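# Summary of the model geometry
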Amino acid sequence: MNIDALEKMLAKGNDSAMLRFGLGKAYLDDDKPDAAITHLQNCVQLDPDYSAAWNLLGKAHLKTGDKIAAETVWQSGLESALRKGDKQTEKEITVFLKKLKK
C-alpha cells in the first residue's frame, strides 16, 4: 500500500499501531526517516510490545545519524521481543546493537 493511501486512512481517524507501523515502514523505505520516526513512535505508544516497530524505529534513528537514540530504542525493542518471545526480532536487534558498539 502506498503512503498516500495510508495517510488517507489515518486522516479518516483509523489510527492503530498496525497503520502507524505501515506508515513508518513506508516512509523508511522511501528514505524519509524523520517521518518514519514520527509514525513508529506513535506505533510503540499505542502498542509498547510491537517489537518489529521498535526494530524499525532504531533503524530510522540510525539513518538520521542518531546512534544514541537508535541504541536506546533497540534496548526497548529487545526487552519487548524478550517479553513476547519474538526470537527473530530479538536476534536482529542483538546484531544491530553489537554492530553499533564497534
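All values derive from a computational prediction rather than experimental measurement.

Rules and cut-offs
Residue positions are counted from 1 within each chain, in the order its sequence is given. For this predicted model, a pLDDT threshold of at least 70 governs which residues receive local features, and a threshold of 80 or more governs which side-chain atom pairs are given and counted, while totals over whole chains, interfaces and linings are taken from all residues. Values reported for side chains reflect all heavy atoms of the structure, with hydrogen atoms and water molecules removed beforehand. A fitted line through C-alpha atoms serves as each axis, taken over the contacting stretch for helices, and the angle formed by two N-to-C directions is quoted from 0 to 180°. Helix and strand assignments follow DSSP, with helices taken as H or I runs no shorter than four residues and strands as E runs no shorter than two, numbered in order from the N terminus. The cut-offs work like this: below 35 degrees is roughly parallel, past 145 is roughly antiparallel, 65 to 115 is roughly perpendicular, and the gaps in between are oblique. Less than a right angle of anticlockwise turn of the near helix away from the far helix marks a crossing as left-handed, whereas a clockwise turn marks it as right-handed. Residue contacts follow a heavy-atom distance rule, with two residues in contact if any of their heavy atoms lie within 4.5 Å. Ten residue types, Ala, Val, Leu, Ile, Met, Phe, Trp, Tyr, Cys and Pro, are classed as nonpolar, four, Asp, Glu, Lys and Arg, as charged, and the remainder, Gly among them, as polar. Here is the rule: rings of Phe, Tyr and Trp (six-membered ring for Trp) pair when centre to centre is within 6.5 Å. Planes less than 30 degrees apart are stacked, more than 60 are edge-to-face, and the remainder are tilted. Only protein chains enter the accessibility calculation, which uses a 1.4 Å probe. A residue is then buried if its area is under 20% of the maximum for its type, exposed if over 50%, and partly exposed in between.

Attention now goes to the packing of helix α3 (residues 33-46) against helix α4 (residues 51-63). Between α3 and α4, the shortest axis-to-axis distance is 9 Å and the interhelical angle comes to 150°. Regarding the angle of α3 to α4, the classification is roughly antiparallel. Judged by the sense of rotation from one axis to the other, the crossing of α3 with α4 is left-handed. Counted together, P33, A36, I37, L40, Q41, C43 and V44 of α3 and A53, W54, L56, L57, A60, H61 and K63 of α4 form the full contact between these two elements. Residues of the contact of α3 with α4, tallied by class, amount to 11 nonpolar, 2 polar and 1 charged.

Attention now moves to the packing of aromatic side chains. In total, this model carries 2 aromatic pairs according to the counting rule given. Measuring from centroid to centroid gives 5.0 Å for F21 and Y50, while their planes differ by 15°, and the two rings are stacked. Highlighted residues: F21 in helix α2 (residues 17-29) and Y50 in the loop between α3 and α4, separated in sequence by 29 residues. Side by side, F21 and Y50 carry an identical accessibility label, which is buried. Plain terms: the ring middles of W74 and F96 are 5.0 Å apart, the flat faces sit at 20° to each other, and that makes the pair stacked. Taken together, the residues W74 in helix α5 (residues 67-84) and F96 in helix α6 (residues 87-100) connect sequence positions 22 residues apart. Taking the relative accessible area as the measure of exposure, F96 reaches 22% and is therefore partly exposed.

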